[in-house]
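Descriptive analysis of the structure
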Amino acid sequence: MGKATDIVHGTIELLMLKTIGMEPIQGWGAAKRIHELSHQVIRVREGSLHPALVRLHALGLIRPHLVKSGNRMKRLYTLTNAGRAQLRKELARWDRLSDAVDAIVHPEGVKVDKV
Amino acid sequence: MRGKAIDIVQGTLNMLIFQILAEKPLHGWGIRTRIHELSKNALQVQVGTLYPALNRLKSRGLISAHRVRTATGRMGKRYTLTRAGRAQLSQEIAHWDRLSAAVDRVAHGVK
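Now for a look at the structure at hand. (Residues numbered from 1 in each chain as written. Chains lettered and ligands numbered in written order. Predicted model: local features only at pLDDT ≥ 70, side-chain atom pairs only at ≥ 80, totals over all residues.)

Take helix α1 (residues 11-22) of chain A next. Helix length check: α1(A) (12 residues) gives 17 Å between terminal C-alpha atoms against 16 Å at 1.5 Å per residue, within 8%. With 9 of 12 residues buried, α1(A) lies mostly within the body of the structure. Buried within α1(A) we find T11(A), I12(A), L14(A), L15(A), M16(A), L17(A), K18(A), T19(A) and I20(A). If you follow the buried residues of α1(A), they end up packed against α2 (27-37), α3 (46-58), β3 (62-69), β4 (72-79) and α4 (81-105) of chain A together with α4 (83-108) of chain B. (Helix = DSSP H or I, 4+ residues; strand = E, 2+ residues; numbered from the N terminus. Expected span 1.5 Å × (residues − 1). Buried ≥ 20, exposed ≤ 12 C-beta atoms within 10 Å, placed from the backbone. Contact = placed C-beta atoms within 7 Å.)

Below, the structure written as structure tokens:
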């Protein structure tokens, strides 16, 4: 396996929404889960993570909750209703895009098992 | 076709240009048409994105351009994939397969 790929612009929102939609999670926790679920192929850098969270929050798609953890506070994110709707839209868009690109680069319809 | 056509981003566009020129040399408009056709109109390439991309790929030696007279009698450029472009195509397809499979795993929980 090659090295982890920096994520394509635009896809990071989809993956953040998906991960935050699974359960309330901290920003770095969402990045870690994306890395794990992608089998270490996708890495969300600190420099992309924070702006993505700010953007999603400003758009009203995620909501932060401060939760006491020991003697510290941690910030957990959850999806808003708008965030859930956006996630469905972005999943549909991704599927459409990736199917269309696959149809062009794998015209024979036979794809070597993606690993 | 469901929904409106999606504009392709730079990295993916290069790969699609290589793939289409690997079939046969084409003009710029021919490349655009082929991308629309093959994707059943799901993908679209803006003219303002395509030509700068072709110029960049040409300056990197991945495609070459030849001036030819078109069917309508005008002079135009026909692009051909170079040997270096062919090598780049296989690399980019491998990269795409790896990345899209990874996105699918996160997005759909595919193992």
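After presenting the structure, the write-up continues.
Another point: the pairing of strand β5 (residues 75-81) of chain B. Here is the key point about a regular strand: its side chains alternate between the two faces of the sheet. Residue and element names in this part refer to chain B. Sheet topology note: the strand β2 (residues 26-27)/β5 ladder contains 2 bridges and is antiparallel. The residue bridging H27 from the neighbouring strand is R78, located in β5. Bridging between strand β4 (residues 63-69) and β5 involves 7 bridges; their strand directions are antiparallel. From the neighbouring strand, I63 faces β5, where its bridge partner is L81. (Pairing = 2+ DSSP bridges.)

Let us now look at the sheet that holds β5(B). Sheet strands line up and pair through hydrogen bonds in the backbone, either parallel or antiparallel. Residue and element names in this part refer to chain B. Judged by pairing direction, the sheet is antiparallel, and its 3 strands sit side by side in the order β2-β5-β4 without closing on themselves. Strand pairing shows two members of the sheet lacking a second neighbour, β2 and β4, which therefore form its edges. In the packing of helix α3 (residues 47-59) onto the sheet, contacts are made with β4 and β5, and the angle to β4 comes to roughly 115°. (Axes fitted to C-alpha atoms, helices over the stretch in contact; angles between N-to-C directions.)

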